[in-house]
Amino acid sequence: DQQVKQNSPSLSVQEGRISILNCDYTNSMFDYFLWYKKYPAEGPTFLISISSIKDKNEDGRFTVFLNKSAKHLSLHIVPSQPGDSAVYFCAASAPSNTGKLIFGQGTTLQVKP
Amino acid sequence: KAGVTQTPRYLIKTRGQQVTLSCSPISGHRSVSWYQQTPGQGLQFLFEYFSETQRNKGNFPGRFSGRQFSNSRSEMNVSTLELGDSALYLCASSSRTSGGNQETQYFGPGTRLLVL
């Protein structure tokens, strides 16, 4: 039962343009969402998070939007840079499940110069 | 502040052996979670420790176990290794206190385990 889904395995964008990565979830108990960036054979690097009481959070070039009614979140990267090329994971946690993040399957982003 | 460290970074074992992996959390972090990453299953939660107590456990067989020490450092152990245990094992620490779950987890570089 995939509670967190990233339906696009890959995304390719041009340098300087916007990258939009999407994530859907099914568990209405999730109240905290995170995005991580990962390179092969390395640990995930935290990018940005959002609590369910908000609908938007911004940090530099990264913005996360949360639509609770649609159970959907997205990560916007503006402007995209070649160094952003990596696998991006969204993750979610529920208050009853301490210390546990549930991850999507990841989206591979390629930013072309 | 130093990040999460994991040792060893790479490990090769044979079926039937056991292995112990180590994780040192970010200074001041008391919660340590462990994950397994494989190409087929993605990132899967193994267990979480807080103040030397296992607070949560994922759907893994009893061959997977862990512990946490008084300085918050954690170890995980896999006994009777199987080929399918080949994976990247990640630990993450957070500053989560005893209540709530809205704390960011910061990951270490992982231990790549290959079982032959």
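This report concerns the structure included in the present document. (Residues numbered from 1 in each chain as written. Chains lettered and ligands numbered in written order. Predicted model: local features only at pLDDT ≥ 70, side-chain atom pairs only at ≥ 80, totals over all residues. Heavy atoms only, no water.)

**Notes on the overall build of chain A**
Logical step 1: On a plain count of helices and strands, chain A comes out with zero helices and 11 strands.
Logical step 2: Listing the helices and strands of chain A from first to last along the sequence gives β-β-β-β-β-β-β-β-β-β-β.
Logical step 3: Scaling as 2.2 N^0.38, a compact globule of 113 residues should have a C-alpha radius of gyration of about 13 Å, and chain A matches this with 13 Å.
Logical step 4: Across its three principal directions, the C-alpha atoms of chain A cover 45 × 30 × 20 Å.
Logical step 5: Across the 113 residues of chain A, 47% fall into the buried class.
Logical step 6: A fraction of 54% describes how many contacts in chain A between residues 6 or more apart in sequence connect residues 24 or more apart.
Logical step 7: If you sum the accessible surface of chain A, you get close to 5,300 Å²; carbon and sulfur atoms cover 49% of it.
Logical step 8: Averaging the positions of the 11 positive and the 9 negative side-chain charges in chain A gives two centres separated by 3 Å. (Helix = DSSP H or I, 4+ residues; strand = E, 2+ residues; numbered from the N terminus. Rg over C-alpha atoms; globule rule 2.2 N^0.38 Å. Buried < 20%, exposed > 50% of the residue type's maximum accessible area, 1.4 Å probe, protein only. Contact = heavy atoms within 4.5 Å. Areas by Shrake-Rupley, 256 points an atom, 1.4 Å probe, with all protein chains shown as cover. Lys, Arg positive; Asp, Glu negative; His and termini not counted. Charge placed at Lys NZ, Arg CZ, Asp CG, Glu CD.)

**Some words on the sheet that holds strand β8 (residues 74-78) of chain B**
Residues and elements named next belong to chain B.
Logical step 1: With antiparallel pairing, four strands are arranged side by side in an open sheet as β1-β3-β8-β7. Looking at the sheet topology across the chains shown, the edges are occupied by β1 (5-7) and β7 (64-68). On average, adjacent strands in this sheet sit at an angle of 20° to one another, irrespective of strand direction.
Logical step 2: Examined bridge by bridge, strand β3 (residues 19-24) and β8 share five bridges and lie antiparallel to one another. Counted as the bridge partner of L21 is M76 from β8. (Pairing = 2+ DSSP bridges. Axes fitted to C-alpha atoms, helices over the stretch in contact; angles between N-to-C directions.)

**Concerning the interface of chain A and chain B**
Logical step 1: At the interface, 23 residues of chain A touch 25 residues of chain B.
Logical step 2: For the pair chain A and chain B, the two sides together bury roughly 1,900 Å², of which 51% comes from carbon and sulfur.
Logical step 3: For the interface between chain A and chain B, the tally reads zero salt bridges.
Logical step 4: Counting every contact that joins chain A to chain B gives 10 residue pairs in polar contact (both at pLDDT 80 or more).
Logical step 5: At the level of secondary structure, the elements contributing two or more residues to the side of chain A that touches chain B comprise β4 (32-38), β5 (45-51) and β9 (86-93) of chain A.
Logical step 6: No other element matches β4 of chain A, which puts four residues into the side of chain A that touches chain B. (Buried area = accessible area lost by both parts, 1.4 Å probe. Salt bridge = Lys/Arg side-chain N within 4 Å of Asp/Glu carboxyl O. Polar contact = N/O pair within 3.5 Å; in protein donor to acceptor, adjacent residues only side chain to side chain.)

**Digging into the environment of F89 of chain A**
All names here are of chain A.
Logical step 1: Along the chain, the position of F89 falls in strand β9.
Logical step 2: The exposure class of F89 is buried, given its relative accessible area of 4%.
Logical step 3: In sequence terms F89 and T26 are 63 residues apart; their C-alpha atoms lie 16 Å from each other.

**Details of the nonpolar core**
Logical step 1: V4, F30, F33, W35, L73, L75 and Y88 of chain A are the most contacted members of the largest nonpolar core, which has 25 residues in total.
Logical step 2: Among the elements of the structure, β3 (19-25), β4, β5, β7 (62-67), β8 (72-77), β9 and β11 (107-112) of chain A are those that each provide at least two residues to this core.
Logical step 3: The dominant element in this core, judged by the number of residues it contributes, is β9 of chain A, at four residues.
Logical step 4: Sequence-distant contacts of F30 of chain A, defined by excluding residues within four places in its chain, comprise Q3, V4, Y25, S52, A92, S93, A94 and I102 of chain A.
Logical step 5: One finds C23, V32, F64 and V115 of chain B within the second-largest nonpolar core, a separate group that totals 21 residues. (Core = buried A, V, L, I, M, F, W, Y, C linked by side-chain atoms within 4.5 Å.)

**Looking at the state of the cysteines**
Residues and elements named next belong to chain B.
Logical step 1: Taken as a whole, this structure holds two disulfides over all chains when the rule is applied.
Logical step 2: Through a disulfide, C23 is tied to C91; the S-S separation comes to 1.8 Å. Since a negative S-S torsion denotes a left-handed disulfide, the C23-C91 link at about 70° is right-handed. Here C91 lies in strand β9 (residues 87-94) and C23 lies in strand β3, a separation of 68 residues in the sequence. (Disulfide = S-S within 2.5 Å.)

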